[in-house]
Amino acid sequence: MRTLLLAAADTPGTGTGTLILFALAALAVYLISCRIWPFTACTKCEGAGRFRSPNGRAWRYCTRCNGKGARLRTGRRILNHLTGTRR
Ligand SMILES: [Zn+2]
């Protein structure tokens, strides 16, 4: 990661270096946001955590998020993986 940054900074003039830097900055912002807000709404139940039956009285938990209505964001899963393998 650090060597990649240095290599991008060393490339003279052309737009690719700044493009890579921009991409890395965007990735960093995304990963930081995933650290602060690790969850997003479950795609299957849209954050409700359960599905209602047509009569509206009965319901069952969403199987995908186990009724939490939340799922880990992709970036957070990557972070968890990285921190898990570090030690
Ligand atoms: Zn769900």
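The structure under discussion appears in the preceding block.
As the structure is a prediction and not an experimental result, all values here were calculated from the model.

1. Comments concerning the coordination of the zinc ion
Only C42 (SG), C45 (SG), C62 (SG) and C65 (SG) from the protein coordinate the zinc ion, and they sit 2.2 to 2.3 Å from it. Around the zinc ion, the four donor atoms sit at angles spanning 101 to 117 degrees, and that spread fits a shape best called tetrahedral. Along the chain, the residues donating to the zinc ion fall in the pattern C-x2-C-x16-C-x2-C. Of this pair, C42 sits in the loop between β1 (39-41) and β2 (50-52) while C62 sits in the loop between β3 (59-61) and β4 (70-72); the two residues are 20 residues apart in sequence, bridging distant segments of the chain. Side by side, C42 and C62 carry an identical accessibility label, which is buried.

2. Side note on the packing of aromatic side chains
For the structure shown, the criterion picks out one aromatic pair. Relative to Y61, the ring of W59 lies with its centre 5.1 Å away and its plane at 70 degrees, an arrangement referred to as edge-to-face. The exposure class of W59 is partly exposed, given its relative accessible area of 36%. If you follow R50 out to its NZ or CZ, it ends over the ring of W59, 4.1 Å from the centre.

3. Notes on a positive patch on the surface
A surface patch of like charges, here positive, comprises K44, R60, R64, R71 and R77. Within the element layout of this structure, K44 appears in the loop between β1 and β2. Residue class for K44 comes out partly exposed when judged on its relative accessible area of 44%.

4. With respect to unusual backbone geometry
Negative phi is the rule for most residues except glycine; trans is the rule for most peptide bonds. In this structure, E46 is a non-glycine residue whose phi angle is positive, near 55 degrees. With a relative accessible area of 69%, E46 lands in the exposed category. The phi torsion at N66 lies on the positive side, around 55 degrees, for a residue other than glycine. If you trace the backbone, N66 turns up in the loop between β3 and β4.

5. As for a nonpolar patch on the surface
Among the surface-exposed residues, I32, I36 and W37 lie close enough to one another that they form a single nonpolar patch of about 360 Å² accessible area. Its location among the elements puts I32 in helix α2 (residues 15-36).

6. Re the side chain of S33
Among the secondary structure elements, S33 is positioned in helix α2. Exposure remark for S33: the relative accessible area of 15% places this residue in the buried category. In this structure the side chain of S33 is engaged in a polar contact, spanning 3.4 Å, whose partner is the side chain of R73.

Parameters at a glance
- Numbering of residues starts from 1 in every chain and runs along the sequence as written.
- This being a predicted model, a pLDDT of at least 70 is required before a residue's local features are given, and a value of 80 or more before pairs of side-chain atoms are given or counted; all residues contribute to the totals for chains, interfaces and linings.
- With hydrogens and water set aside, each side-chain value is computed from the structure's full complement of heavy atoms.
- Because no water is among the atoms considered, metal sites can look incomplete, with donors defined as N, O and S atoms within 2.8 Å of the metal, or 3.2 Å for Na, K and Ca.
- Under this scheme a four-donor centre is tetrahedral when all angles range from 85 to 135 degrees, a four-donor centre is square planar and a six-donor centre octahedral when opposite donors are above 155 degrees with the rest from 65 to 115, and any other centre is irregular.
- A helix here means a DSSP run of H or I that spans at least four residues, while a strand means a run of E at least two residues long, and both kinds are numbered starting from the N terminus.
- Categorising residues by exposure relies on relative accessible area from a 1.4 Å probe, with only protein chains included: less than 20% of the type maximum marks a residue as buried, more than 50% marks it as exposed, and the intermediate range marks it as partly exposed.
- Note on aromatic pairs: the rings of Phe, Tyr and Trp (six-membered ring only in Trp) are paired at centre separations within 6.5 Å, and the planes decide the class, stacked below 30 degrees, edge-to-face beyond 60, tilted for the rest.
- Criterion for a charge above a ring: Arg CZ or Lys NZ at most 6 Å from the ring centre, at most 35 degrees from the ring normal.
- Patch rule: a residue counts if its relative accessible area is over 30% and it has no salt bridge; like charges are joined within 9 Å, and nonpolar side chains (Val, Leu, Ile, Met, Phe, Trp, Tyr) within 5 Å.
- For the area figures, the Shrake-Rupley method with a 1.4 Å probe applies, and any residue is considered shielded solely by the protein chains shown.
- Counted as salt bridges are all cases of a side-chain nitrogen of Lys or Arg within 4 Å of a carboxyl oxygen of Asp or Glu.
- By the counting rule applied here, Lys and Arg register as positive and Asp and Glu as negative, while His and the ends of each chain are not counted.
- Charge placement uses NZ in Lys and CZ in Arg. For Asp and Glu, CG and CD serve respectively.
- By the criterion applied in these results, polar contacts are pairs of N or O atoms within 3.5 Å in which, for protein atoms, one can donate a hydrogen and the other can accept it, and in which residues neighboring in sequence qualify only through two side-chain atoms.

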